[in-house]
Amino acid sequence: MHIQTPYLLFLGDAADPLAAKVAQGICDWRPENAKGQFRMEGCNADLGLTDMSIDDAIEAGVKTLVIGVANRGGVISDLWIEVLREALSKGLDVAAGLHNKLNDIPVLVSDAEKYGRTLFDVRHPTATYPVAVGVKRTGKRLLPVGTDCSCGKMYTALAIEKELRAQGAKADFRATGQTGILITGEGVSIDAVIADFIAGAVETLAPENDADHWDVIEGQGSLFHASYSGVTMGLIHGSQPDALVLCHEPTRTHMRGLPTFSLPELDECMDACLRAAKLTNKDAKFVGISVNTSKLSDEEATEYLAKIEKEHGLVAVDPVRHGVSRIVEQLV
């Protein structure tokens, strides 16, 4: 899917700033796409953008209203419907990454048809994908993989794409989750693709390219997570990564959501990912380790990163504290 930019970020009646994390991600990584915010009465989130009405947004050149807030259960609130209808009637597309689908709300579907607009449910791919063929493609690809879920794979990928471009390299972030899609305006929510077609979807997402071009593909799940390992395996095979970056959160005592499963050792995780990657790219290798040290002090973070860098012989950074330039230097 391809979502037209720029955006009006809809915060609705967000209960707190965390509820607007999707909109915040767009502001952080694609500020040029975030023209303004729409807040309803009782909204407790503020991105620091200009508050706009639908008319203001149209005048500012906005193309799509993006629901940038996630409420409990991921539902499209009845209180939002009139605003979404107004947006459609005045010429905006509407995009959402919630569990509930815009296209399951009859009045929105009717309005979209009436006014010639598009409803984007980014969690629910509408394209048909081929079965993967595993044939090596031109161009270069990097894939972050994790010891666990939600440990910084998207942030790492976006930071690496930004740094590659800053160093003059050709690079594109390829989104595979709903937040990444809303940040970039395109991609495929890979966890909603039928299992047989996951690798094929990634081959489609990151096709042949210039020999010196890097596709930085958003990672998902973990080979060691009992719930989501299948998505990770499909991503690895379809990406055919030339470079892998291991993502890790060192203070966790168990896999996210699975209290009876401990985290793998770093070398154990890298060995498993590398064995999987070499099926479709025999030259795949790790180029760095990205660590979320947010729960460590500066001193603890420095000591931990130095320790794992020495143990594994790879550059180890916290992309928030230190940036990813040292990883990118391994690529360019």
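Cut-offs applied
- Residues numbered from 1 in each chain as written.
- Predicted model: local features only at pLDDT ≥ 70, side-chain atom pairs only at ≥ 80, totals over all residues.
- Heavy atoms only, no water.
- Core = buried A, V, L, I, M, F, W, Y, C linked by side-chain atoms within 4.5 Å.
- Buried < 20%, exposed > 50% of the residue type's maximum accessible area, 1.4 Å probe, protein only.
- Domains from an automatic or database assignment.
- Contact = heavy atoms within 4.5 Å.
- Axes fitted to C-alpha atoms, helices over the stretch in contact; angles between N-to-C directions.
- Helix = DSSP H or I, 4+ residues; strand = E, 2+ residues; numbered from the N terminus.
- Parallel < 35°, antiparallel > 145°, perpendicular 65-115°, else oblique.
- Nonpolar A, V, L, I, M, F, W, Y, C, P; charged D, E, K, R; others polar.
- Phe/Tyr/Trp six-rings, centres within 6.5 Å; stacked < 30°, edge-to-face > 60°.
- UniProt positions renumbered as here; feature names shortened; annotations may be inferred.

> Any chance you could explain the nonpolar core here in plain terms?
With 71 residues, the main nonpolar core has L65, I67 and I160 as its most contacted residues. No fewer than three residues from each of domain 1 (7–121) and domain 2 (140–329) sit in this core. Dropping the residues within four chain positions of it, L65 is found in contact with L8, F10, I54, V83, L84, A87, L92, D93, V94 and A95. Core analysis: the next-biggest nonpolar cluster, separate from the first, contains 36 residues, I190, A201, V202 and M270 among them.

> Please clarify how the packing of helix α8 (residues 229–239) against helix α9 (residues 266–277) should be interpreted in this entry.
The description of two helices packed together rests on the angle between their axes and the distance between the axes. For the pair α8 and α9, the least separation of the axes is 9 Å and the interaxial angle reads 50°. Viewed along their axes, α8 and α9 adopt a mutual orientation that is oblique. For the pair α8 and α9, the contacting residues are M233, I236 and H237 in the first and C273, A276 and A277 in the second. When its residues are assigned to classes, the contact of α8 with α9 shows 5 nonpolar, 1 polar and no charged.

> When you look at the packing of aromatic side chains in this model, what are you seeing that I'm missing?
Enumeration over the complete set of coordinates arrives at 3 aromatic pairs. Relative to W80, the ring of F10 lies with its centre 5.4 Å away and its plane at 75°, an arrangement referred to as edge-to-face. In this pair, F10 is assigned in strand β1 (residues 7–12) and W80 in the loop between β3 (64–67) and α3 (81–89), connecting sequence segments 70 residues apart. Summarising the burial analysis for this pair, F10 and W80 share the class buried. Through pairs of rings, three or more aromatic residues link up here, namely F10, F38 and W80.

> Hey, could you run me through the UniProt feature "domain: D-glutamate N-acetyltransferase-like C-terminal" (unreviewed entry) in the chain in this one?
Within this numbering scheme, the UniProt entry marks residues 133–328 as carrying the feature "domain: D-glutamate N-acetyltransferase-like C-terminal" (unreviewed entry). Taken end to end, residues 133–328 has its terminal C-alpha atoms 29 Å apart, with 36% of it in helix and 16% in strand.

> Honestly, unusual backbone geometry in this entry has me stumped. Any pointers?
The phi angle of most residues is negative, glycine excepted, and most peptide bonds adopt the trans form. Here the bond from T5 into P6 is cis, since omega is 0°, no more than 30 degrees from zero. Positionally, P6 belongs in the segment before β1. Here S150, not a glycine, exhibits a phi torsion of approximately 50°, which is positive. In this structure, S150 sits in the loop between β6 (140–146) and α5 (153–166).

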